[in-house]
Amino acid sequence: MSKKSEKLLQQAQAAANTGNRAQAQRCYEKILEKEPQHLDARYFLGTLLAEQGRYPQARQHLEIAARLAPDSPYILNNLGNIHLLCGEDAAAEQAFRKALRVAPEMPEAQTNLGNLLVRKGALEEAIGLAQQVVAARPGQIAAHVMLANALKDQGRIDEAIPHFRRAAELAPGNTVARSNLLMALNYSAALSPAEIRTTHEEWASRFPPAQPRPARARAGRLRVGYLSPDLGRHPVGYLMEPVLAAHDREAFEICVYSDNRSPDDMTARLRAGVDCWRDVGGLGNDDLASVLATEGLDVLVELAGHGAGNRLAMLGRRFAPVQVSYLGYPATTGLKSIDYVITDRALDPSDSDQAFYAEKLWWLPRPCFAFRPDAEFPAVAPLPAATAGSLTFGSFNALAKISPAVIDLWAAVMRALPDARLLMQARALSDPGSRLRLAEAFRERGVAPDRIEMAGFTSLPEHLELFNRTDVCLDTFPWNGHMTTLDSLWMGVPVLTLAGDRRAARMGAAIMGELGLTDFVAATPEEFVAKAVALAGDPAGLGDLRTSLRDRLGRSRLADGAGLARALEAAFAAMHQAP
């Protein structure tokens, strides 16, 4: 390296350290004009561009740096991170594996590879890797989170929760680690609804007291903001589409703050139905808070709860006279700065349910969600049992919801109906290890593996066609299906559900009850099995229902987006006027 390049490198690093990225970039580029093979300039320029969100440009420089230093695990690991940010998962995996071949115990590369394996559904390998890291470095937060996520996604929620809890203990100030734990608790029946509220409020107690509600005067349209990381091809995105499309734009100004870093065609559809749309996925909490503080919102509606990518830790600052939790989370947020949770009398039927929420419950006079079927839905096929002579049950929920207790109940159904089959589809079932584990779980409960067909990740058309091979879907508990249940009904497939003692466990009963199909709602496991047996004895009734379900759903309040929009608008206006 020439003395001039050495001096420029020092100047670049000094500029970067003081936040002068433009000056640092100019210095790196000057070095590379004279010395294109300068490793440090390539690497640091790539890193600098990545910090600015310029991922394709960053990738070019880091790829060159990796060729210049093929045995540098740090360069390979960072190149993998850039590939991830560019949506290039296969290239990212290759880079992480190369880094680990050079440095087999590099914590960053192990964690990055493990998280990628979890995301792609290679759960057995991810669990094995995570267990190695946890054993070697029990104090590493990321390793516990990686192991917990992999176990959760494989349906082993009671094994996952201790690792979510340990991660939260190791980093008591890490709001993401704590939200991961709180989200996971909803998959387990181990805690009562009251205990779930207590754990959420313990998380919220770490924040400063909620700021008082500001003045509520408003002349003209009420300004409502929706904040979500899920406004795309995600259940929240699908369920928000009929609402956003039907809002009364003369009386309400609708603003959306999309925290989605991977927008898609659904994002574009949602964007078309609002007055203002702000992409905020690249903003930190402080920067987003600055944006929201100047928006003049009357009502801010948070749609994620403790789900991935949430901003709950920021909402204690209060950005609107009324702050609301809606749609995306089945329990309390724990925050006193969230004024209301929007619900209905099917999901929270009694005033006594208020005891399970830190917020006030606001009951809509109708179902608090609406369904708009996607244009890609195929026609409903005839009842498969009419030709097969026996029932095919189905499950299309995430494997995370299929706990040992769920398998116990479904296996009891299968033992009671020895000719029945079970068709299961979930992203996690792309993993051979997960399929073997699930098959063994059923075998241990007296159900031969050859009676169970498993499918992994599929395209949407392929996924929807699986309903045409299914007679009746079996619901999960204590977290029922929601969007999956609506999809099933639109495809003519009724859902047998076990009602529970919390909002997450009442979704199936709420949907089926709204359609007048209470015969598909069981109060006990024994009744669930008895109802399954009765359905097997009535193929004609199932066939008639199959041909009418799409029309029944389409004419119901569950498909009335305009009616839901009116109910939400009335609620927002009343909340804004409430003392």
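Refer to the structure printed above.
Because the structure is predicted, anything quoted here is derived from the model rather than measured.

(A) Representation of the overall build of the chain. Of regular secondary structure, the chain possesses 24 helices and 13 strands. In terms of overall dimensions, the chain is globule-like: its C-alpha atoms have a radius of gyration of 26 Å, near the 25 Å expected for 579 residues. Seen through its principal axes, the chain has C-alpha atoms that stretch 85 × 65 × 45 Å. Per-residue burial over the chain gives 55% buried out of 579 residues. In the chain, the proportion of contacts linking residues at least 24 apart, taken out of those at least 6 apart, comes to 67%. Summed over its atoms, the accessible surface of the chain is roughly 23700 Å², and 53% of this surface lies on carbon and sulfur atoms.

(B) Structural detail: the sheet that holds strand S10 (residues 452-455). Pairing is parallel in the open sheet, where 6 strands are placed in the order S10-S9-S8-S11-S12-S13. Two strands lie at the open edges of the sheet, namely S10 and strand S13 (521-522), each paired on one side alone. As paired strands, strand S12 (residues 495-498) and S13 are joined by 2 bridges and run parallel to one another. Bridged to Thr497 within S13 is Val521.

(C) Representation of the side chain of Thr333. When you line up the elements, Thr333 lands in the loop between strand S5 (322-325) and strand S6 (340-344). Judged by its relative accessible area of 0%, Thr333 is buried. Setting aside anything within four residues of it in sequence, one finds Thr333 in contact with His200, Trp203, His306, Leu312, Ser325, Ile338 and Glu359.

(D) Representation of empty space enclosed by the protein within the structure. All told, the structure shown has 2 cavities of 30 Å³ or more when counted by the stated rule. One number sums up the size of the largest cavity: a volume of about 130 Å³. As for the largest cavity, its lining consists of 14 residues, of which Pro193, Pro330, Ala331, Arg502 and Arg503 are closest to the centre. The residue inventory of the lining of the largest cavity, partitioned by class, reads 7 nonpolar, 2 polar and 5 charged. Taken as a whole, the second largest cavity spans an internal volume of roughly 60 Å³. Looking at the second largest cavity, the residues that line it are Gly394, Ser395, Phe396, Asn397, Cys473, Leu474, Asp475, Thr484, Thr485, Ser488 and Val495. Counting residues per element, the ones that place at least two in the lining of the second largest cavity are strand S8 (392-395), strand S11 (472-474) and helix H20 (483-490).

(E) Representation of the sheet that holds strand S7 (residues 360-364). Read across the sheet, 7 strands follow the order S3-S2-S1-S4-S5-S6-S7 without closing on themselves; strand pairing throughout is parallel. Each edge of the open sheet is held by one strand with a lone partner, namely strand S3 (276-279) and S7. Along the sheet, successive strands turn relative to each other by an average axial angle of 25°, direction set aside. In the sheet, S6 pairs with S7 via 5 bridges, with the strands oriented parallel. Looking across to S7, one finds that Tyr340 is bridged to Lys360. Those strands touched by helix H24 (residues 561-577) are strand S1 (222-228), strand S2 (252-258), strand S4 (299-302), S5, S6 and S7, and its axis lies near 145° from that of S7.

(F) Just the packing of aromatic side chains, in detail. Tallied over the full model, the rule gives 9 aromatic pairs. Both rings, one in Trp203 and one in Phe207, keep their centres 4.9 Å apart while their planes meet at 75°; by these two values the pair is edge-to-face. The exposure class of Phe207 is partly exposed, given its relative accessible area of 22%. Of the aromatic side chains, those joined through ring pairs into one cluster are Tyr28, Tyr43 and Phe44. Across from the ring centre of Trp363, 3.8 Å away, lies the NZ or CZ of Arg345, which sits over that ring.

(G) Broad picture of the nonpolar core. Counting 189 residues, the largest nonpolar core has Tyr226, Met240, Tyr326, Phe393, Trp410, Phe442 and Phe572 as its most contacted members. Top element by residues in this core is helix H17 (residues 404-416). It accounts for 8 residues.

(H) Representation of the packing of helix H7 (residues 107-120) against helix H8 (residues 123-136) within the structure. At their nearest, the axes of H7 and H8 sit 8 Å apart, and the two run at 150° to each other. When the axes of H7 and H8 are compared, the pair comes out roughly antiparallel. In this structure, the crossing between H7 and H8 has a hand that is left-handed. Listed contacts from H8 to Gln110, Leu113, Gly114, Leu117 and Val118 of H7 are Leu123, Glu125, Ala126, Leu129 and Val133.

(I) Structural view of the pairing of S10. Across 4 bridges, the pairing between strand S9 (residues 421-425) and S10 is parallel. If you follow Met424 over to S10, its bridge partner there is Met454. Viewed along the sheet, the connection from S9 through helix H18 (residues 432-444) into S10 turns out right-handed.

Scoring rules and cut-offs
- Residues numbered from 1 in each chain as written.
- Predicted model: local features only at pLDDT ≥ 70, side-chain atom pairs only at ≥ 80, totals over all residues.
- Heavy atoms only, no water.
- Helix = DSSP H or I, 4+ residues; strand = E, 2+ residues; numbered from the N terminus.
- Rg over C-alpha atoms; globule rule 2.2 N^0.38 Å.
- Buried < 20%, exposed > 50% of the residue type's maximum accessible area, 1.4 Å probe, protein only.
- Contact = heavy atoms within 4.5 Å.
- Areas by Shrake-Rupley, 256 points an atom, 1.4 Å probe, with all protein chains shown as cover.
- Pairing = 2+ DSSP bridges.
- 1 Å grid on protein atoms, 1.4 Å probe; cavity = no way out; pocket = protein on both sides within 12 Å on 5 of 7 lines; lining within 4 Å.
- Points joined across faces, edges and corners; volume = space filled by probe spheres on them.
- Nonpolar A, V, L, I, M, F, W, Y, C, P; charged D, E, K, R; others polar.
- Axes fitted to C-alpha atoms, helices over the stretch in contact; angles between N-to-C directions.
- Phe/Tyr/Trp six-rings, centres within 6.5 Å; stacked < 30°, edge-to-face > 60°.
- Lys NZ or Arg CZ within 6 Å of the ring centre and 35° of its normal.
- Core = buried A, V, L, I, M, F, W, Y, C linked by side-chain atoms within 4.5 Å.
- Parallel < 35°, antiparallel > 145°, perpendicular 65-115°, else oblique.
- Left-handed = near helix turned anticlockwise from the far one by under 90°.
- Right-handed = clockwise from strand over helix to strand, strands pointing away.

These results come straight from atomic positions and should not be treated as a statement about function.
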